[in-house]
Amino acid sequence: MEELIQIIKSFQALDFETELAIKRSFIEETFRKGEFLVEEGKVCSKIYFIKSGAVRRFCIEDGVEVTKWIYTDNQFVTSMSSFFEQKPSYENFQTCEETIVYSLSYSDEQVLLEYPLFVKFHIKQLRYYLSNINEFNHLFRLMTAEKKYLFLLESFPQIIKKAKLKHIASLIGVSQETLSRIRAAII
């Protein structure tokens, strides 16, 4: 639980009461490789913080799985529109390996939102996430496949270590064969 508390404190200092409420609200869960945290068409009922493991976010486009991102240790994971609006998800979140998470249910999140310091953390974390995803999507869209792979290698090495090659290829928008050529050229 300390990993989670430290990440929260990196955004917002906490008092004892808020920290205790957070520790009571998040539950440790373990998922086997290949299990779904969120499934398309179902309402996402939890936010997850990955203690260890990896989770792939993907959509089905024209009958093909398209990887949108791969989350690793110390990251929050949820289908934002599904969780916050309590409507069916348009995406899937599936573990890439055994994954240990701290989960927060929608109802427990509503209770934590009664704590002003948790609200401050929540706002700061969401702003940070939305700002980064906006910038990332803009930059990533303009990069070549090789630059995307190098970016992941430098900025998100855990993705390269934990994800299947076919999922990395899908994430950067190339075939596995092209990814193999990119990797060979880099070495």
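Our structure's up above, just so we're on the same page.
Residues take numbers from 1 onward in each chain, read along the sequence in its written order. A pLDDT threshold of at least 70 governs which residues receive local features in this predicted model, and a stricter bar of 80 or more applies before side-chain atom pairs are shown or counted, although totals over entire chains, interfaces and linings include all residues. Side-chain figures throughout are based on the complete set of non-hydrogen atoms in the structure, without hydrogens or water.

**Student:** Looking at this structure, how should I read unusual backbone geometry?
**Tutor:** A negative phi angle characterises most non-glycine residues, just as the trans form characterises most peptide bonds. Positive phi is not limited to glycine here, since Asp 62 has a value of about 55°. The secondary structure listing takes helices from DSSP runs of H or I that are at least 4 residues long and strands from runs of E that are at least 2 residues long, numbered from the N terminus. Considering the arrangement of structural elements, one finds Asp 62 in the loop between β4 (54-61) and β5 (64-72). Throughout this description, buried means an accessible area under 20% of the type-specific maximum (1.4 Å probe, protein chains only), exposed means over 50%, and partly exposed covers the range between. A relative accessible area of 84% places Asp 62 in the exposed class. You will see that Gln 86, though not glycine, has its phi angle at about 50°, which is positive. Mapped onto the elements, Gln 86 comes out in the loop between α3 (80-85) and β7 (92-95).

**Student:** Explanation requested: the layout of surface pockets in the structure shown.
**Tutor:** Regions of empty space are outlined by a rolling probe, equal in size to a water molecule, passed over the atoms. Put simply, the grid is 1 Å and covers the protein atoms alone, a cavity is a trapped set of points that fit a 1.4 Å probe, a pocket is an open set with protein on both sides within 12 Å along at least five of seven lines, and lining residues have an atom within 4 Å of a point. Grid points are joined across faces, edges and corners, and a volume is the space filled by probe spheres set on the points. In this structure, the largest pocket encloses a volume near 910 Å³. If you go around the largest pocket, you meet 36 residues; those closest to its centre are Trp 69, Tyr 71, Gln 75, Tyr 129 and Asn 132. When residues of the lining of the largest pocket are traced back to their parent elements, those giving at least two are α1 (2-11), β5, β6 (76-77), α3 and α5 (116-142). By residue number, the principal contributor to the lining of the largest pocket is α5, which donates 15 residues. Considered class by class, the residues forming the lining of the largest pocket number 24 nonpolar, seven polar and five charged. Think of it as three bins: nonpolar holds Ala, Val, Leu, Ile, Met, Phe, Trp, Tyr, Cys and Pro, charged holds Asp, Glu, Lys and Arg, and polar takes everything else, Gly as well.

**Student:** What's the story with the environment of Ser 105 in this structure? I'm lost.
**Tutor:** Within the element layout of this structure, Ser 105 appears in strand β8 (residues 99-105). Whenever a nitrogen or oxygen atom comes within 3.5 Å of another N or O atom, the pair is scored as a polar contact, on the condition that within protein one atom can donate a hydrogen and the other can accept it, and that pairs from neighbouring residues in sequence are kept only if both atoms are in side chains. At 3.3 Å, the side chain of Ser 105 forms a polar contact with the side chain of Ser 107.

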